[in-house]
Amino acid sequence: MKPFKSALSVALLAAAITTLAPGARADDDAKINARIGSWGRNCKNAVAAKYPKASMAEISVELAATLKQSIDAGETKLKDIKKSGLSYNWTFKNKSGYCNTDGEGNVTELVKQ
């Protein structure tokens, strides 16, 4: 009977871990999405500061395509974002460039291309 109890315990533990993992993943996804939005606003504010005559509606900021694909594929995790920050592309009228943030959402680089 002991091997059966042991196997049952292992199976229950595996089921519990599998059940908890999606919830943890959903929590990380929510935190990642919150950072994408908040840090994107930081980049948008940096662009607005660089071009004071711009209205916020005229400035477009989006997560860099390669980074977005990596996050969507699960290759870039919350811990990676906390360590390295995020990168965005921005446009304002006929101007464009990119904006990088650190792991706390501070704009570290704003470049016009």
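Residues numbered from 1 in each chain as written. Predicted model: local features only at pLDDT ≥ 70, side-chain atom pairs only at ≥ 80, totals over all residues. Heavy atoms only, no water.

Asks: What should I look at first to understand the pattern of salt bridges in this one?
Replies: Think of it this way: side chains of opposite charge can pair up when their charged atoms draw near. Enumeration according to the criterion identifies four salt bridges in this entry. Between R25 and D29 there is a salt bridge, and its shortest N-O distance comes to 3.2 Å. On the criterion of helical spacing, the pair formed by R25 and D29 is a turn pair, its members being four residues apart in helix α1 (residues 2-50). One salt bridge in this structure joins K93 and E58, with 3.8 Å as the shortest N-O distance. On the criterion of sequence distance, the pair formed by K93 in the loop between β2 (87-92) and β3 (95-101) and E58 in the loop between α1 and β1 (59-63) is long-range, its members being 35 residues apart. Looking at K93, the relative accessible area reads 62%, which means it is exposed. (Salt bridge = Lys/Arg side-chain N within 4 Å of Asp/Glu carboxyl O. Helix = DSSP H or I, 4+ residues; strand = E, 2+ residues; numbered from the N terminus. Buried < 20%, exposed > 50% of the residue type's maximum accessible area, 1.4 Å probe, protein only.)

Asks: What is the right way to read the nonpolar core from this model?
Replies: General note: in soluble globular proteins, nonpolar side chains tend to be found buried as a group. Judged by nonpolar contacts, the single largest core of 20 residues is most densely connected at I36, L63, I71, L86 and Y88. For this core, the secondary structure elements donating two or more residues are α1, β1, α2 (65-72), α3 (78-84) and β2. With six residues, the single largest contributor to this core is α1. Those residues in contact with I36 that lie beyond four places of it in its chain are L63, I71, L86 and Y88. (Core = buried A, V, L, I, M, F, W, Y, C linked by side-chain atoms within 4.5 Å. Contact = heavy atoms within 4.5 Å.)

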